[in-house]
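Examination of the molecular architecture
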Amino acid sequence: MGPFLKNSWYAAAWNHEVSADTPLARTILNEPLVLFRDSAGRVVALEDRCCHRHLPLSQGKIIGDTLECGYHGLTFDGTGACVKVPGQSRVPPDSRVKAWPVLEKYQYVWVWMGDPDKAGASLLPDWHVMDDPDWAVVKGDPPFHIPCHYELFNDNLLDLSHLAYVHIKNIGTSAVPDFPIVTTKTENTVRMIRWILDSPPAPLYAHFGGFTDNIDRWQYAEAMVPSFNTVRVGCLPAGCGAQPGDHPDDFSVKSGGRNAQGFEFYNLNAITPETETSTWYFYAHSRNFAVDDPEMDEEFRRELRGAFQDDVDILAAQQSNMDRHVHNPKDWIDINVDGPGLALRRMVAEAIAAET
Amino acid sequence: MGPFLKNSWYAAAWNHEVSADTPLARTILNEPLVLFRDSAGRVVALEDRCCHRHLPLSQGKIIGDTLECGYHGLTFDGTGACVKVPGQSRVPPDSRVKAWPVLEKYQYVWVWMGDPDKAGASLLPDWHVMDDPDWAVVKGDPPFHIPCHYELFNDNLLDLSHLAYVHIKNIGTSAVPDFPIVTTKTENTVRMIRWILDSPPAPLYAHFGGFTDNIDRWQYAEAMVPSFNTVRVGCLPAGCGAQPGDHPDDFSVKSGGRNAQGFEFYNLNAITPETETSTWYFYAHSRNFAVDDPEMDEEFRRELRGAFQDDVDILAAQQSNMDRHVHNPKDWIDINVDGPGLALRRMVAEAIAAET
Amino acid sequence: MGPFLKNSWYAAAWNHEVSADTPLARTILNEPLVLFRDSAGRVVALEDRCCHRHLPLSQGKIIGDTLECGYHGLTFDGTGACVKVPGQSRVPPDSRVKAWPVLEKYQYVWVWMGDPDKAGASLLPDWHVMDDPDWAVVKGDPPFHIPCHYELFNDNLLDLSHLAYVHIKNIGTSAVPDFPIVTTKTENTVRMIRWILDSPPAPLYAHFGGFTDNIDRWQYAEAMVPSFNTVRVGCLPAGCGAQPGDHPDDFSVKSGGRNAQGFEFYNLNAITPETETSTWYFYAHSRNFAVDDPEMDEEFRRELRGAFQDDVDILAAQQSNMDRHVHNPKDWIDINVDGPGLALRRMVAEAIAAET
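Residues numbered from 1 in each chain as written. Chains lettered and ligands numbered in written order. Predicted model: local features only at pLDDT ≥ 70, side-chain atom pairs only at ≥ 80, totals over all residues. Heavy atoms only, no water.

**With respect to the overall build of chain A**
Selection criterion: Helix and strand definitions follow DSSP, with helices as H or I runs of at least four residues and strands as E runs of at least two, each counted in order from the N terminus. The reference for a compact globule is 2.2 Å times residues^0.38; the radius of gyration itself is calculated from the C-alpha atoms. Here's how the labels work: a residue is buried when its accessible area is under 20% of the maximum for its type, exposed when over 50%, partly exposed in between, all with a 1.4 Å probe on protein chains only. The criterion used for residue contact is that any of the two residues' heavy atoms lie within 4.5 Å. Shrake-Rupley sampling with a 1.4 Å probe provides the accessible areas, and residues are treated as covered by the protein chains on show and by no other component. Charge counting treats Lys and Arg as positive and Asp and Glu as negative, with His and both chain ends excluded. For the purpose of locating charges, the reference atoms are NZ of Lys, CZ of Arg, CG of Asp and CD of Glu.
Secondary structure assignment for chain A yields 4 helices and 19 strands. Against the 2.2 N^0.38 benchmark of 21 Å for 356 residues, chain A shows a C-alpha radius of gyration of 22 Å, consistent with a compact globule. Dimensions of chain A, computed from C-alpha atoms along their principal axes, come out at roughly 75 × 50 × 35 Å. Buried positions account for 59% of the 356 residues belonging to chain A. Considering only contacts in chain A between residues 6 or more positions apart, those separated by 24 or more positions represent 62%. Total accessible area on chain A stands at roughly 13800 Å², and carbon and sulfur atoms take up 49% of it. Charge centroids of chain A, computed over 30 positive and 49 negative side chains, lie 6 Å from each other.

**Here we look at the sheet that holds strand β1 (residues 9-14) of chain A**
Residue and element names in this part refer to chain A. Going by this rule: In this analysis, strands are considered paired if DSSP registers two or more bridges between them. Lines are fitted to the C-alpha atoms to define the axes, a helix being fitted only along its stretch in contact, and any angle between axes, read from their N-to-C directions, falls within 0 to 180 degrees.
Sheet architecture is open: 3 strands sit in the order β1-β11-β10, paired in antiparallel fashion. For this open sheet the edge positions go to β1 and β10 (102-105), each flanked by a neighbour on one side alone. Strand-to-strand twist of the sheet, defined as the mean angle between neighbouring strand axes without regard to direction, takes the value 30 degrees.

**Quick notes on the interface of chain B and chain C**
Our working definition: Put simply, buried area is the surface a 1.4 Å probe can reach on two separate parts but cannot reach once they are joined, added for both. Within this document, salt bridges are pairs made up of a side-chain nitrogen of Lys or Arg and a carboxyl oxygen of Asp or Glu, the two lying within 4 Å of each other. For this analysis, a polar contact is any N or O atom pair within 3.5 Å, provided that within protein one partner can donate a hydrogen and the other can accept it, and provided that sequence-adjacent residues contribute only side-chain to side-chain pairs. In this count, Pro and Cys sit with the nonpolar residues alongside Ala, Val, Leu, Ile, Met, Phe, Trp and Tyr, while Asp, Glu, Lys and Arg are called charged and the others, Gly among them, polar.
Chain B puts 26 residues into the contact, and the matching count from chain C is 28 residues. Carbon and sulfur atoms make up 52% of the surface buried where chain B meets chain C, a total of about 2200 Å² over both sides. Scanning the region where chain B abuts chain C turns up 2 salt bridges. Between B:Asp338 and C:Arg53 there is a salt bridge; the shortest N-O distance is 3.4 Å. Counting across the interface, chain B meets chain C through 12 residue pairs in polar contact (both at pLDDT 80 or more). At the level of elements, α1 (150-158) and α3 (294-322) of chain B are the ones that each hand at least two residues to the side of chain B that touches chain C. Here the side of chain B that touches chain C takes 6 residues from α3(B), the largest share from any one element. In terms of residue class, the side of chain B that touches chain C is made up of 12 nonpolar, 8 polar and 6 charged.

**Overview of the interface of chain C and chain A**
Every contact between the two is made by 26 residues of chain C and, on the other side, 28 residues of chain A. Between chain C and chain A, the buried area comes to about 2200 Å², and carbon and sulfur atoms account for 52% of it. Across the pair C:Asp334 and A:Arg53 runs a salt bridge, and its minimum N-O distance is 2.8 Å. Seen at the junction of chain C and chain A, the total is 12 residue pairs in polar contact (both at pLDDT 80 or more).

**A word on the relation of the copies chain C and chain A**
Put simply, the rule is: The superposition of copies rests on a least-squares fit of C-alpha positions from residues with pLDDT of 70 or more in both.
For the pair chain C and chain A, the best superposition has an RMSD of 0.0 Å and corresponds to a rotation of 120 degrees with a translation of 0.2 Å parallel to the axis. Taken together, the rotation and translation relating the two chain copies correspond to the operation of a three-fold axis. Within chain C, the C-alpha atom positioned nearest to the axis of rotation is that of C:Asp323, 13 Å from it.

**Structural notes on helix α4 (residues 339-355) of chain C**
Residue and element names in this part refer to chain C. To be explicit about the condition: In this scheme, a helix's expected span is set at 1.5 Å multiplied by one less than its residue total.
Compared with the 24 Å implied by 1.5 Å per residue over 17 residues, the 25 Å span of α4 between its first and last C-alpha is a close match. Taken together, the buried positions of α4 are Pro340, Gly341, Ala343, Leu344, Arg345, Met347, Val348 and Ile352. On the buried face of α4, the contacting elements are α1 (150-158), β14 (181-185), β15 (189-199) and β16 (215-224).

**Some words on the state of the cysteines**
Condition: Two cysteine sulfurs form a disulfide in these notes if their separation is within 2.5 Å.
Under the defined criterion, the tally for this structure stands at 0 disulfides over all chains. Here A:Cys82 is not cross-linked by a disulfide; its sulfur's nearest cysteine counterpart is in A:Cys51, at 5.6 Å. The class for A:Cys82 is buried, based on a relative accessible area of 8%. B:Cys50 provides the cysteine sulfur closest to B:Cys69, a residue in no disulfide bond, and the two sulfurs are 4.0 Å apart. Judged by relative accessible area, B:Cys69 falls into the buried class, the value being 2%.

**Things to note about the pattern of salt bridges**
Residues and elements named next belong to chain B. Summed over all chains, the structure comprises 45 salt bridges over all chains. Arginine 345 is the partner of glutamate 151 in a salt bridge, and the nearest nitrogen-oxygen pair spans 3.8 Å. With glutamate 151 in helix α1 and arginine 345 in helix α4 (residues 339-355), this residue pair connects regions lying 194 residues apart in the sequence. Between arginine 301 and glutamate 298 there is a salt bridge, with its nearest N and O atoms 3.1 Å apart. Placement of the pair is arginine 301 and glutamate 298 together in helix α3, with a separation of 3 residues, close to one helical turn. Judged by relative accessible area, arginine 301 falls into the partly exposed class, the value being 40%. With relative accessibility at 36%, the residue glutamate 298 sits in the partly exposed group.

**Quick look at the confidence of the model for chain A**
Heads up, the rule is: Each residue gets a pLDDT score, which is the predictor's confidence in that residue and runs from 0 to 100.
Confidence in the prediction for chain A averages 94 pLDDT; 96% of positions are at 70 or higher. Both scores are given for the predicted complex: the pTM is 0.94, the ipTM 0.94.

**Observations concerning the packing of aromatic side chains**
By convention here, two paired aromatic rings are described through the distance between centres and the angle between planes. Convention followed: A pair of Phe, Tyr and Trp rings is counted when the ring centres sit within 6.5 Å of each other, with Trp represented by its six-membered ring. The angle between the planes then sorts it: under 30 degrees is stacked, over 60 is edge-to-face, the rest tilted. Should the NZ of a Lys or the CZ of an Arg lie within 6 Å of a ring centre and within 35 degrees of the ring normal, that charge is described as sitting over the ring.
Scanning all chains against the criterion turns up 87 aromatic pairs over all chains. Taking 5.9 Å as the distance between ring centres and 25 degrees as the angle between the ring planes, the aromatic pair formed by C:Phe144 and C:Tyr283 counts as stacked. Taken as a pair, C:Phe144 in strand β13 (residues 144-146) and C:Tyr283 in strand β19 (residues 278-287) lie far apart in primary sequence, 139 residues in all. On the accessibility criterion, C:Phe144 (6% relative accessible area) is buried. Looking at A:Arg26, its charged tip hangs above the ring of A:Trp280, at a distance of 4.7 Å from the centre. Residue placement shows B:Arg305 over the ring face of B:Phe144; its charged tip is 4.1 Å from the ring centre.

**Observations regarding unusual backbone geometry**
In this chain, A:Val225 is followed by A:Pro226 through a cis amide linkage whose omega measures 0 degrees. A positive phi angle is found at A:Asp94, which is not glycine, with a value near 65 degrees. Looking at the element boundaries, A:Asp94 is found in the loop between β8 (82-84) and β9 (99-100). For A:Asp94, a relative accessible area of 69% puts it in the exposed group. Despite not being glycine, C:Asn30 has its phi angle at roughly 70 degrees, a positive value. Here C:Asn30 is to be found in the loop between β2 (24-28) and β3 (31-37).

Pasting the structure below:
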């Protein structure tokens, strides 16, 4: 459970969490950050610790483009430079706090935790379905705060066999692990695809799709270093003819509502390390059916949060059990479905080694 | 406050706590255990940590004679061997969790934490009064969980002078410390006997026995390595003629109810280390009077739990005060009544030294 | 954030907190103390840890001039000597707990934590206004318990520019930092004076004094090693003619009520280290206006506690932020108003060095 990759974007907040009225404190990669919007609406990310006497700046006040410390009034601009010390005209040299590059995209606020010169919007996953007017988006708000190392969540999202055990009451069925996965890799992504063919729908799938008979269902996860995970799931009435490894795009999904022929949605998952033993989890769902149906929005909000809460409980218990001993990777027995997760762990380790 | 004796039985649960429906998690000697009953009703004790990704198995499901992990469905039999990995036919080598010998006796579930070849039912204390139909049993349920090292509780149970201070409102009187103790030893037991003669009854004794005049009372404790403590207590109207060291058996107790000539009961105490600083306390009472009186059962349940809660509070405060400094046995002044407790501490230390 | 000065008085309790009925536990400089009154009403301060088995003596009973342990009844006199061991006539040698010199003065109970031969009442700050019948006293009861190192509070009380930020809703105004401070020193005190001239009154000052126009206000803080801080504050209608550094005594304050020409009061602050990261804060107010007005008492009690709670929150957040890293004094940027606090820190460090 090594160190963190610094040269990466990380989801720091939902766009709607950051305002020009109230600073937001959030710790990422062990760094205390304070986020706020300047007068132009741009998000600023500063060190949440005044350089004077270390009060969190998040307890201060946003004044125009600056943040004023709530203890003695030292004031910092968007670059982290101290621009005012009450009671004196001269600002002492080196009076500044750290600042990080910020990107607001796909409704997330992203911060770049490493070398600013290497930051670039092209290094984000492609989550344009968050902004596509033909898709309906439900954000997991607030983000989950989980007492576990972030890679435990990476493992979870790349091994969807756990749906048969953790999520059997809503999005899982006992048939899931019976179907093989096909894994492929690029330089910085791992892809896992599974087709669950001619099987009864999971309770929530039956409800969403109005299915009474067996269905064909796909799980297509694409994880990107260090911890972005796009899971595309969907289903059709049984008999679509898919083979292991087939791409969902090759199978037409006629969507449009509960009683349509099938449906599809994305789980977009950004896993942000807070510390070595705690993690922020930002998830969203984007669906191309029942797009203008507020009731369906509410069902997604409630039912998927319930399902993911079960993951949170599992991960917390897993971390707690691991904490009883110094963890040695050899303590773990690996099984077939761990392949994608282990591949991502190797990629992350290599990326960290490469930057240090 | 050294290590633990491994080659010993420890009380892990009450018999009624372990079922074939819901696994029970309990940590003993720093080991996380999960307890359940198989289809034949036999209790199984396994490591509460899946060998795959370390989820507590106690969050899983009992299926016949096996336990299924709640994360990915790996399944373990009563020996700890993994017998099923969903999605693959082959079980990886070394896929197993630890298992411990279990004995169900005297209404307790006992586990043997050391070398299985050395386990034997003869190494338990003789608590047949738990099963004797002529005696009425009240179990302390649930067991107390106490934030202290288990030997602090050993000390407590072998020095009953504390009844004059901790339990003055129920089972103690100020006369207790005025009467001398007689201590004897065998290879692995320490015996302490005290007669409190011609003294007013403690409030609960007066209530139980209907006494209005002075009584003769005995306290006969027998502690066995590492932490089993049998305390036999009782009383008669004053004038029985006992001398220090006399055995209670030599004095007839005509029992049968509140207004009988006297009464007697056992406190059976199994102290189980959870960690170096936390302890499970299983206690039961077995009495040979008012045997079929549910009201007397309820009084024992309520009044003795109240009394023992006072011990729990004392032990927690004692441990907390000791934790302020690295504890050195020389920091303690010893007094006469510490003799039995110190003798048991030496026996436990020798037993631990002998096995390591 | 070094060690503590031992040869000093520290406020251990308010006089009304210590009784002959119930022992009071309080930890000071990492030492657990128990305080009680003997039969003559004198306060005794003993180690809160029985020399026998380390139970806190504060869980025991006051019996005349002695304290009886609540576990086995060992009894200690006011010098800490064990004078009784139940069940035996002989008290083992070295059976004693520590005792500390106690002084009851100015409504505080003070304990001397170092060499008893060096204790003396002359080493207290002069807080006779606590006993002056012409002044009305409101004690901060109970004392605040703050999760911070005590020197953070020393800093706070010597830099009153924070009133413009932390206390803007009650006792601060934005003008405070605009006026210069004058700092003077004696061997073991640091004095800071600031005049805030011709400025609007803070909300609570307007309320107390009935001011509608600008005022002249003084802040006169005198801090004594290691952590006694007397802050004398007051105001007059604007135009008193004071210059930076002028002593408040040179300006007549005609007091007597809300609508008087001006008013003055003392904040008396005793900061007592509990541990390296926790602190007791005893504060009191003594005013020479509306002396017999219970409503004004109540306003002082409520409003100043509210204001000081804001300090407590700041200090806790500051300490918590400092705890994220090993603190290095060089991590702090100093500004002008830190002068008095830094001077006191140097004096405390020198006093500690001198005694070790």
